[in-house]
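# Residue-level structure breakdown
So you can see what is in the structure, the chains are spelled out below.
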Amino acid sequence: MSVDTKNIRNVVLLGHSGCGKTTLAEAMLFESGAITRMGTIAAGSTMSDYTPIEQERGNSLFSSLMHVKWRNCKINILDTPGFDDFIGEVVCSLKVADTALMLLNSAHGVEVGTEILWDYVNDFKTPTIFVISQIDHEKSDFDTTLEQAKERFGSKVLPVQYPLNQGSGFTSIIDTIRMIMYVFGPNGGKPEKKPIPENEMAKAMAMHNALVEAAAENEEGLMEKFFDKGTLSEEEMTEGLRIALAHQQIFPVFCCSALQDKGSGRIMGFINDVAPSPADVPPFELVGGKTMKYDSKAPTSIFIYKTISEAQVGLVSYFKIYSGTVRSGDELINSDNGTHERISQVFESEGKVRNVIDFLQAGDLGVTLKMKNSHTNNTLNAKGQSIQIDPIHFPEARIRTAVVPPSKSDMEKLIKALHQVEEEDPTLRVEQSATLKQTIIHGQGQLHLDLIRYRIERISAFTWISISRKFHTEKQSLKSANEVYRHKNKVVVLDSLEKFI
Ligand SMILES: Nc1nc2c(ncn2[C@@H]2O[C@H](COP(=O)(O)OP(=O)(O)OP(=O)(O)O)[C@@H](O)[C@H]2O)c(=O)[nH]1
Ligand SMILES: [Mg+2]
């Protein structure tokens, strides 16, 4: 579906591994009618985790792009891996997202991964909505999770909703913008709207008033109305919240059970009403310091934020349209290396599935195949346009290992395969060390290097032997979220993750 810039919402799902991002993406797809059955992690049947290694592991290892139509909007959903080792996938998704949904597992509260991702969200200045997930979990503790979020991320964290009966009997959410209660049937889906029970009214009203004040605070006109009337209408509130969210002056909190399909519809409604479109975000930065606004009437410029090779298909390039429109057959010029690229076809992405589309407009995310000389971080322009989008700055490597092939004669094959993976994964660095006379790979953590080994073994059909491993610095290794777990304020390094594959 080709939609105007103002009706596009680019949303990235973030959160500690296992908090429920992929399941929430699946619930959003199901609720919006994009799929007719909800897949599960256990069955390896979600739209997002479609590679065999993700299905085998039950974790996302790559970011994936999906989209839904919700009311007036096309919501592009970028699901990301929670393991810190795959932070490169998060960073490239954050580059092209205009809003983040930060999931907090209601049974675990704020986790190490949440804190690391919070730093990235702040660096990117991405408007952020918190979603306290897994409310149906028997250990769900919404209040403690909310308190932890406020404590760590500040007083701008404000609840929009709270669950009435969390745990296995979860059915009801109180919504303090609309001041109603949503009651779900046993299979979730569309809830019934009921009045808030009398004994919940004081609590709900206090939350409502806090939201009204936050909405009024950032806009003078609304502040005056608030002083005049003592409150704001839902439309006025929406307008105020839109401004506050876009400027990171509020981090609204929602709740859901993605597994039981309860709550994702209201979250998408809020994204539709309040989250910024690419037309509403501050101008983006270009190499050289200038800035530009998204404009679908201007000459075409697209930016490649991710590439990956697929068997039988070849190179798959994911891009964001920063200017103009892009359609099949367009001839674009790569502003990084001057080569001409023909866009053979433009696709929309639904995880593994790609659908051909006539054209896409500024602000949207698309896919194309078989680019010849273009890679992640390249900008491609229509003739006459010569901009370069500020590239994604990937984090430095934190761990390294020397690699040797089974026999010397396999060396060339190994290097070729390593360079192929390096091209697709900017957080991998391959070094030929003349002093050590070794091939060394630098990556984000043990899981990352293990995944690289897995990919190399499939590309080159041999088993490599890893002969050494060193962390770049002690501090960096400790920051690796998923090697480190907080347990009663102690930091414990787990060995069990060593054996990843
Ligand atoms: N009870 C319950 N379980 C859930 C819910 N959402 C997800 N889960 C389970 O939690 C586990 C992790 O869910 P995922 O959706 O893979 O979590 P993720 O955040 O995508 O994990 P990574 O990809 O590793 O970062 C799976 O076993 C899910 O079935 C929920 O709402 N309720
Ligand atoms: Mg996942």
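Cut-offs and rules
Sequence order sets the numbering: in each chain, residues are counted from 1 along the sequence as written. All chains are assigned letters beginning with A, and all ligands numbers beginning with 1, in the order in which they are written. pLDDT decides what is reported in this predicted model: residues at 70 or higher carry local features, side-chain atom pairs at 80 or more are listed and counted, and totals for whole chains, interfaces and linings draw on all residues regardless. Hydrogens and water molecules were not included; the side-chain quantities draw on all heavy atoms of the structure. Secondary structure is summarised from DSSP: a helix means a run of H or I of at least four residues, a strand means a run of E of at least two, and numbering begins at the N terminus for each. Each residue gets one of three labels from its accessible area relative to the maximum for its type: buried under 20%, exposed over 50%, partly exposed in between, using a 1.4 Å probe on protein chains only. Water is not among the atoms examined, so metal sites may look incomplete; donors are the N, O and S atoms within 2.8 Å of the metal, or within 3.2 Å for Na, K and Ca. Only a single heavy atom is needed: when it lies within 4 Å of a molecule or strand, its residue is near that molecule or strand. Residues adjacent in sequence count toward polar contacts only when both atoms are side-chain atoms; beyond that, a polar contact is any pair of N or O atoms within 3.5 Å, and within protein one must be able to donate a hydrogen and the other to accept it. Each accessible area is a Shrake-Rupley result for a 1.4 Å probe, and residues are judged covered by the shown protein chains and nothing else. Throughout, the ten residues Ala, Val, Leu, Ile, Met, Phe, Trp, Tyr, Cys and Pro are labelled nonpolar, Asp, Glu, Lys and Arg are labelled charged, and all others, Gly among them, are labelled polar. For helices, the fitted line uses only the C-alpha atoms of the stretch in contact; every axis is such a line through C-alpha atoms, and the angle between N-to-C directions lies from 0 to 180 degrees. Small angles under 35 degrees read as roughly parallel and large ones over 145 as roughly antiparallel, with 65 to 115 read as roughly perpendicular and the rest as oblique. For this analysis, residues touch if any pair of their heavy atoms sits within 4.5 Å. A pair is scored as a salt bridge if a Lys or Arg side-chain nitrogen falls within 4 Å of a carboxyl oxygen belonging to Asp or Glu. To estimate the expected span of a helix, count its residues, drop one, and scale the result by 1.5 Å. Taken from the helix axis, the directions to the C-beta atoms give the arc we talk about.

What follows covers unusual backbone geometry. At Met-179, a position not held by glycine, the phi torsion is positive, near 55°. You can see Met-179 is positioned in the loop between strand S8 (172-175) and strand S9 (180-183). Owing to a relative accessible area of 18%, Met-179 belongs among the buried residues under this scheme. Unlike most non-glycine residues, Asn-377 shows phi in positive territory, near 80°.

As a further point, take the coordination of the magnesium ion (ligand 2). In the first shell of the magnesium ion (ligand 2), the protein supplies Thr-22 (OG1) and Ser-60 (OG), at 2.0 Å from the metal. Residue Thr-22 is located in helix H1 (residues 21-31), and its partner Ser-60 is located in the loop between helix H2 (52-57) and strand S2 (64-70); the two are separated by 38 residues in the primary sequence. This pair shows no difference in class: Thr-22 is buried, exactly as Ser-60 is.

Residues in contact with ligand 1 amount to 17 residues; listed here are only the nearest, Lys-21, Thr-23, Asn-59, Gly-82 and Asp-136. For ligand 1, an oxygen atom lies 3.1 Å from a polar atom in the backbone of Leu-259. Relative to its unbound accessible surface of 650 Å², ligand 1 loses 84% to contact with the protein. Taken together, the residues of the shell around ligand 1 sort by class into five nonpolar, ten polar and two charged.

A few words now on the packing of helix H6 (residues 201-217) against helix H7 (residues 220-229). Across the interface, H6 lies against H7 with an axial gap of 7 Å and an inter-helix angle of 140°. Between H6 and H7, the interaxial angle falls into the category oblique. The segment H6 lies against H7, with Val-212, Glu-213, Ala-215, Ala-216 and Glu-217 engaging Leu-222, Met-223 and Phe-226. Of the residues assigned to the contact of H6 with H7, the class counts are six nonpolar, no polar and two charged.

Enumeration over the complete set of coordinates arrives at 19 salt bridges. Its salt-bridge partner being Asp-273, residue Arg-178 comes within 3.8 Å of it at the nearest N-O pair. Here Arg-178, found in the loop between S8 and S9, pairs with Asp-273, found in helix H9 (residues 264-273); they are 95 residues apart in sequence, far enough to count as distant. Between Lys-225 and Glu-236 there is a salt bridge, and its shortest N-O distance comes to 3.7 Å. Linking Lys-225 in helix H7 with Glu-236 in helix H8 (residues 234-246), this pair joins segments that are eleven residues apart in sequence.

Let us now look at helix H5 (residues 142-153). Think of an α-helix as 3.6 residues a turn; residues three or four steps apart then line up on the same face. In this model, H5 (twelve residues) spans 16 Å end to end at C-alpha, consistent with the 16 Å of a helix rising 1.5 Å per residue. Looking at H5, one finds that the buried residues are Phe-142, Thr-145, Leu-146, Ala-149 and Phe-153. End-on view of H5: buried residues confined to an arc of 100°, all on one side of the axis. Where H5 is buried, its residues meet strand S4 (99-105), helix H4 (112-124), strand S5 (128-133), strand S6 (157-159), strand S7 (161-163) and strand S11 (251-255).

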